[in-house]
Number of protein chains: 2
Amino acid sequence: MTIGKQIFSTLADGKLTVEVAKTEFADPSGNQVLVKMEAAPINPSDLAILTGAADLEHAEYSPGKFIASMPEPFYSAQKARHGQRLPVGNEGAGTVIAAGEHEYAQSLIGQRVACVPGNAYSQYCIADAAMCLPLGDISSEEGASAFVNPMTALGFVETARMEGQGAIIHTAAASNLGQMLVKICQEDNIPLVNIVRKDAHVDLLSGLGATHVVNSSDDDFIDQLCSAIDATGAYFGFDPIGGGQMVDNCFKAMEKVAAGKMTEYSRYGSDQAKKMYIYGRLDFGPTLLTPAYGFGWTLSGWLLTPFLQQAGMETVLRMRQRVLDGLTSTFASSYKRKVTLEEMLTREAVLDYRAMKTGEKYLVTPQAV
Amino acid sequence: MTIGKQIFSTLADGKLTVEVAKTEFADPSGNQVLVKMEAAPINPSDLAILTGAADLEHAEYSPGKFIASMPEPFYSAQKARHGQRLPVGNEGAGTVIAAGEHEYAQSLIGQRVACVPGNAYSQYCIADAAMCLPLGDISSEEGASAFVNPMTALGFVETARMEGQGAIIHTAAASNLGQMLVKICQEDNIPLVNIVRKDAHVDLLSGLGATHVVNSSDDDFIDQLCSAIDATGAYFGFDPIGGGQMVDNCFKAMEKVAAGKMTEYSRYGSDQAKKMYIYGRLDFGPTLLTPAYGFGWTLSGWLLTPFLQQAGMETVLRMRQRVLDGLTSTFASSYKRKVTLEEMLTREAVLDYRAMKTGEKYLVTPQAV
């Protein structure tokens, strides 16, 4: 039995309470390992449990804790977690300090690993040895984001291949994940249309060698997008924004390009199949789809875990090896700031990372004081 | 060469002009037949070219003609048809009065057939003999709607089978098409959840033997829908409305039922796959999708022609035979009113059929005066 600090998130009586608390970690058994966590990123996907739509501006902050009201309909929508004390933090990295009796788990003792324990904002985690990625000489900080973003970016390329697509559109493309995707697509020779919303982000991605970077803040955004679609043949894409009309704009531009190649008018529009995936909710507003591109379109949610289950072990192992090989290059992440477990729950930090600004990711260092 | 009256629709200079005009029909060649059209329905899918979003309230009506302004963005969105004189009317039935030299086309001379010429609001049509459905003793009025609605309703059931789905949700279910679907699903023993918006429609479908009929105007609509989904296992459906939140409500209810069966909370919601198809646009407003059901959903457009192309000849022939066998029972259509080509363009008629009210379909009889 090991005792350490961990962050818990509880939603009850209309309020979200997030706090650092001492907790007991059972000894690992079977193929489990006990990891002393050294670094864990705050990804947008962590915010669903960590902050959600809580009113963080007017929350009550005290050392190692905040209590915020959770507005409707968001409070009721999460009924299934009411009263539950949930761990937070999808992924991180640290050192294996104990292991269950299985040989592979035992072999990891003393090694630095990246893992996906679900309670990464913690001094200790129990993880499945089979899911751990041994980091070798790579530091825990460099290895902390080895799973969510790299596997998601690679998952997009695998999904495109599985569906016979030769080019990809990516919105909100200046993110850490977006930068990885630029590099992967270069390596794999896949045309990529990057949509960003600032000139600085155009420069950033162009600096990485991206060929097609479109600025959604420009007056001629749709024209830029149409040109990029025409040049690449990208009728397939991924969007982490969710709310608003970004997906709608992509479908409109795809249809405009496809319709421009038609020789005869059709009331139903072009017969070009168009597909977009929403993989995040940077915007919690509703997704708006206008009747402007006929019926030849598909919009779907995309989530890493079901994708990996569907892809099969061989593909997943190949993807993991590629991540490990490129962890300090293609899949390198950068962080705006490092915080301890306690600093992570201060007003200043919370308001900053929940804004999910491009290039401003936080890294949690649970052993630091 | 045969001369007859036909309806044409022209969009130019911000105005939609629809008129009856004399036109010349070439002699049929090869496997073509010349059909003297006797009856043609006005389906929602015909309205895209016939009326669209034109301002029909304030249009200029004269005998056999109306001129209406077409508001933006709808005018510009149909740029590809500007200035073109388009025929109207997907389907209808009549008698073959001439044929090309091919044997099969010749064999149809004198027979009553249902056909899909694309200019059905016309005294004569050239049709592909291979696409004609010989009606035998069935009248042209009974056979006029033998294609669009029956094949679409059967197409839903075929799509469900292809995707391994055992139950179906149908919105706006009291339509002619919806009534056919009720009967098909009874014959094939497929649980069907019917969503309607009036008590009279609940009675109508229950009278046909429908088991699950849900009224979207009731206060407890979502609860009714959840119960029906729970009872049928329908996580798959078809929606002809398009705009608004009907699809969103279906996804929400599916997720509520699936989440209720979960033993552990997941930030991502249930892993129950949910799928909806939009196959019409009774509401031209944007489709709204809220972030209330995770990422395990897919929304797609559904259109008959690409479906049939994908389904293959064997399936299509089987579907056609089933339609023919059930044309006066399962696939019978009913009409509110019969109109001549000229009556069809009067203010009273236009405003009535463009409202697309359930159970108020029009039948055009091009030979009547």
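Numbering of residues starts from 1 in every chain and runs along the sequence as written. In the order they appear in the text, chains get letters beginning with A and ligands get numbers beginning with 1. Per-residue local features of the predicted model are confined to residues with pLDDT of at least 70, and side-chain atom pairs are confined, for both listing and counting, to 80 or more; whole-chain, interface and lining totals are unaffected and use all residues. The side-chain numbers reported here are obtained from all heavy atoms of the structure, hydrogens and water having been left aside.

1. Quick word on the packing of helix 5 (residues 148-162) of chain B against helix 11 (residues 313-325) of chain B
The description of two packed helices rests on the angle between their axes and on the distance between the axes.
Residue and element names in this part refer to chain B.
Move 1: To obtain each axis, a line is fitted to C-alpha atoms, and for helices this fit is confined to the stretch in contact; angles are then taken between N-to-C directions over 0 to 180 degrees. A run of H or I in DSSP becomes a helix once it reaches four residues, and a run of E becomes a strand once it reaches two; helices and strands are each numbered from the N terminus. Interhelical geometry of helix 5 versus helix 11 gives an angle of 125 degrees and a closest axis separation of 10 Å. The orientation of helix 5 relative to helix 11 falls into the category oblique. As for how helix 5 packs across helix 11, the hand of that crossing is right-handed. Taking contact as the criterion, the partners of Pro150, Met151, Leu154, Gly155 and Glu158 in helix 5 are, on helix 11, Thr315, Val316, Arg318, Met319, Arg320, Arg322 and Val323.
Move 2: Just so you know the grouping, Ala, Val, Leu, Ile, Met, Phe, Trp, Tyr, Cys and Pro go in nonpolar, Asp, Glu, Lys and Arg go in charged, and all remaining residues, Gly too, go in polar. Here the residues of the contact of helix 5 with helix 11 are counted per class, giving 6 nonpolar, 2 polar and 4 charged. If an angle is under 35 degrees, it is roughly parallel; if it is over 145, roughly antiparallel; if it lies from 65 to 115, roughly perpendicular; otherwise it is oblique. Working rule for handedness: look at the near helix, and if it is turned counterclockwise from the far one by less than a right angle, call the crossing left-handed; if clockwise, right-handed. We call two residues contacting when some pair of their heavy atoms lies within 4.5 Å.

2. Quick look at the sheet that holds strand 18 (residues 297-301) of chain A
Move 1: Strand order across the open sheet formed by 12 strands is 13(A)-12(A)-11(A)-14(A)-16(A)-18(A)-18(B)-16(B)-14(B)-11(B)-12(B)-13(B), with mixed pairing between neighbours. Both edges of this open sheet fall to strand 13 (212-215) of chain A together with strand 13 (212-215) of chain B, since each of them pairs with a single strand only. With direction set aside, neighbouring strand axes in the sheet form an average angle of 20 degrees.
Move 2: Contacting strand 11 (168-171) and strand 12 (192-196) of chain A, helix 6 (residues 176-188) of chain A crosses the sheet at an angle of about 160 degrees to strand 12 of chain A.
Move 3: Contacts from helix 9 (residues 246-259) of chain A reach strand 11, strand 12, strand 14 (236-239), strand 16 (274-278) and strand 18 of chain A, with the element oriented near 165 degrees to strand 16 of chain A. Two strands form a pair only when DSSP identifies at least two bridges running between them.

3. So, helix 9 of chain A
All names here are of chain A.
Move 1: Helix length check: helix 9, at 14 residues, gives a terminal C-alpha distance of 20 Å against a target of 20 Å (1.5 Å per residue), a fit within 8%.
Move 2: A large share of helix 9 lies buried, amounting to 11 of its 14 residues.
Move 3: Listing the buried residues of helix 9 in full gives Met246, Val247, Asp248, Asn249, Cys250, Phe251, Ala253, Met254, Glu255, Val257 and Ala258. To estimate the expected span of a helix, count its residues, drop one, and scale the result by 1.5 Å. For every residue, the accessible area (1.4 Å probe, protein chains only) is compared with the maximum for its type, and the residue is labelled buried under 20%, exposed over 50%, or partly exposed between those bounds.

4. So, the interface of chain B and chain A
Move 1: Listed per partner, the contact involves 34 residues of chain B and 34 residues of chain A.
Move 2: When residues of chain B are sorted by the area they lose upon contact with chain A, Tyr265, Arg267 and Phe295 of chain B head the list and together hold 27% of the total.
Move 3: Salt bridges are defined as contacts in which a side-chain nitrogen from Lys or Arg sits within 4 Å of a carboxyl oxygen from Asp or Glu. For the pair chain B and chain A, the number of links is 0 salt bridges.
Move 4: Pairing of N or O atoms within 3.5 Å defines a polar contact, subject to two protein rules: one partner must be a possible hydrogen donor and the other a possible acceptor, and residues neighboring in sequence count only if both atoms are side-chain atoms. Counting the contacts that link chain B with chain A gives 9 residue pairs in polar contact (both at pLDDT 80 or more). A simple way to read buried area is as the amount of 1.4 Å-probe accessible surface that goes missing from two parts once joined, with both sides added.

5. Topic: the sheet that holds strand 17 (residues 283-289) of chain A
Move 1: On the basis of which strands lie adjacent, the open sheet formed by 4 strands has the order 15(A)-17(A)-17(B)-15(B) and mixed pairing. Looking at strand neighbours, the two that pair on one side only are strand 15 (242-244) of chain A together with strand 15 (242-244) of chain B, the edges of this open sheet. In this sheet, neighbouring strand axes are inclined to one another by 55 degrees on average, regardless of whether the strands run parallel or antiparallel.
Move 2: As paired elements, strand 17 of chain A and strand 17 (residues 283-289) of chain B share 3 bridges and run antiparallel to each other. What sits directly across from leucine 288 of chain A, in strand 17 of chain B, is leucine 288 of chain B.

6. Side note on the pattern of salt bridges
Residues and elements named next belong to chain A.
Move 1: Applying the stated criterion across every chain, the model contains 34 salt bridges over all chains.
Move 2: Of the charged contacts, one joins lysine 275 and glutamate 163 as a salt bridge, the two residues approaching to 3.1 Å between their closest N and O atoms. Residue lysine 275 is located in strand 16, and its partner glutamate 163 is located in the loop between helix 5 (148-162) and strand 11; the two are separated by 112 residues in the primary sequence.
Move 3: One salt bridge in this structure joins glutamate 187 and arginine 322, with 2.9 Å as the shortest N-O distance. Remark: arginine 322 occurs in helix 11 (residues 313-325) and glutamate 187 occurs in helix 6; sequence separation between them is 135 residues.
Move 4: When salt bridges that share partners are traced, they join Glu158, Arg161, Glu187, Asp188, Arg318 and Arg322 into one network.

7. A closer look at the relation of the copies chain B and chain A
To go from the first copy of the chain to the second, apply a rotation about an axis and then a shift along the same axis.
Move 1: The least-squares superposition of copies is restricted to C-alpha atoms, and to residues with a pLDDT of at least 70 in both copies. Superposing chain B onto chain A takes a rotation of 180 degrees plus a shift of 0.0 Å along the axis, which leaves an RMSD of 0.0 Å. What the rotation and shift describe, once combined, is the action of a two-fold rotation axis.
Move 2: A high fraction, 100%, of the interface residues of chain B reappear at the interface in chain A, so the copies pair face to face through one surface.

8. Examining the side chain of threonine 315 of chain A
Move 1: Relative to the assigned elements, threonine 315 of chain A resides in helix 11.
Move 2: Here alanine 311 of chain A takes part through its backbone oxygen, which lies 3.4 Å from a polar atom of the side chain of threonine 315 of chain A.

9. Some remarks on the environment of serine 45 of chain B
Move 1: Its place among the elements puts serine 45 of chain B in helix 1 (residues 44-50).
Move 2: Separated by 218 residues in the primary sequence, serine 45 of chain B and threonine 263 of chain B place their C-alpha atoms 45 Å from one another.
Move 3: If sequence neighbours within four positions are ignored, serine 45 of chain B has contacts with Arg267 and Tyr268 of chain A together with Asn90 and Val148 of chain B.
Move 4: A distance of 3.4 Å separates a polar atom in the side chain of serine 45 of chain B from a polar atom in the side chain of asparagine 90 of chain B.

10. Topic: the packing of helix 8 (residues 221-232) of chain B against helix 9 (residues 246-259) of chain B
All names here are of chain B.
Move 1: At a minimum axis distance of 9 Å, the contact between helix 8 and helix 9 shows a crossing angle of 60 degrees. In terms of their interaxial angle, helix 8 and helix 9 are classed as oblique. Pair helix 8 / helix 9 crosses with right-handed handedness. On the side of helix 8, the interface is formed by Phe221, Ile222, Asp223, Leu225, Cys226, Ile229 and Asp230, while helix 9 contributes Met246, Asn249, Cys250, Ala253, Met254, Lys256 and Val257.
Move 2: Taken together, the residues of the contact of helix 8 with helix 9 break down into 10 nonpolar, 1 polar and 3 charged.

11. So, the nonpolar core
Move 1: Among the buried residues, those of types Ala, Val, Leu, Ile, Met, Phe, Trp, Tyr and Cys that are joined through side-chain atoms within 4.5 Å form a nonpolar core. Core analysis: the largest hydrophobic core is formed by 58 residues, its most contacted members being Leu299 of chain A together with Leu299 of chain B.
Move 2: When sequence neighbours within four positions are dropped, the list of residues in contact with leucine 299 of chain A reads Val247, Phe251, Met276, Tyr277, Ile278, Thr287 and Leu289 of chain A together with Leu289, Trp297, Thr298 and Leu299 of chain B.

12. A look at the pairing of strand 7 (residues 92-99) of chain B
Residues and elements named next belong to chain B.
Move 1: Of all 8 residues that make up strand 7, 6 are buried, and the element is covered over most of its length.
Move 2: With 6 bridges connecting them, strand 3 (residues 32-42) and strand 7 associate as antiparallel partners. Paired with valine 33 across the bridge in strand 7 is alanine 99.

13. Observations regarding the confidence of the model for chain A
Move 1: Within chain A, residue pLDDT values average 95, and 100% of them lie at 70 or more.
Move 2: Interface predicted TM-score (ipTM) for the complex: 0.85; the corresponding pTM is 0.89. One number per residue, pLDDT, summarises how confident the predictor is, and it ranges from 0 to 100.

14. Digging into the packing of aromatic side chains
Each aromatic ring pair is described using two quantities: the centre-to-centre distance and the angle formed by the ring planes.
Move 1: Only Phe, Tyr and Trp rings are paired, with Trp represented by its six-membered ring, and only when their centres lie within 6.5 Å; those with planes under 30 degrees apart are stacked, over 60 edge-to-face, the remainder tilted. Across all of its chains, the model carries 30 aromatic pairs over all chains by this definition.
Move 2: Judged by centre distance (6.2 Å) and plane angle (85 degrees), the ring pair of tyrosine 293 of chain B and tryptophan 297 of chain B falls under edge-to-face. Pair check on accessibility: tyrosine 293 of chain B and tryptophan 297 of chain B agree, each one buried.
Move 3: An aromatic cluster is built from Phe156, Phe236, Phe238, Tyr277, Tyr279, Trp302 and Phe307 of chain A, whose rings are joined through pairwise contacts.
Move 4: Looking at arginine 85 of chain A, its charged tip hangs above the ring of phenylalanine 8 of chain A, at a distance of 3.8 Å from the centre. Lysine NZ or arginine CZ positioned within 6 Å of the ring centre and within 35 degrees of the ring normal marks a charge as sitting over the ring.

15. A look at the environment of asparagine 176 of chain B
Move 1: Structurally, asparagine 176 of chain B is set in helix 6 (residues 176-188).
Move 2: Each residue touching asparagine 176 of chain B, except ones within four places of it in the same chain, is listed here: Asn149, Ser333, Ser334 and Lys361 of chain B.

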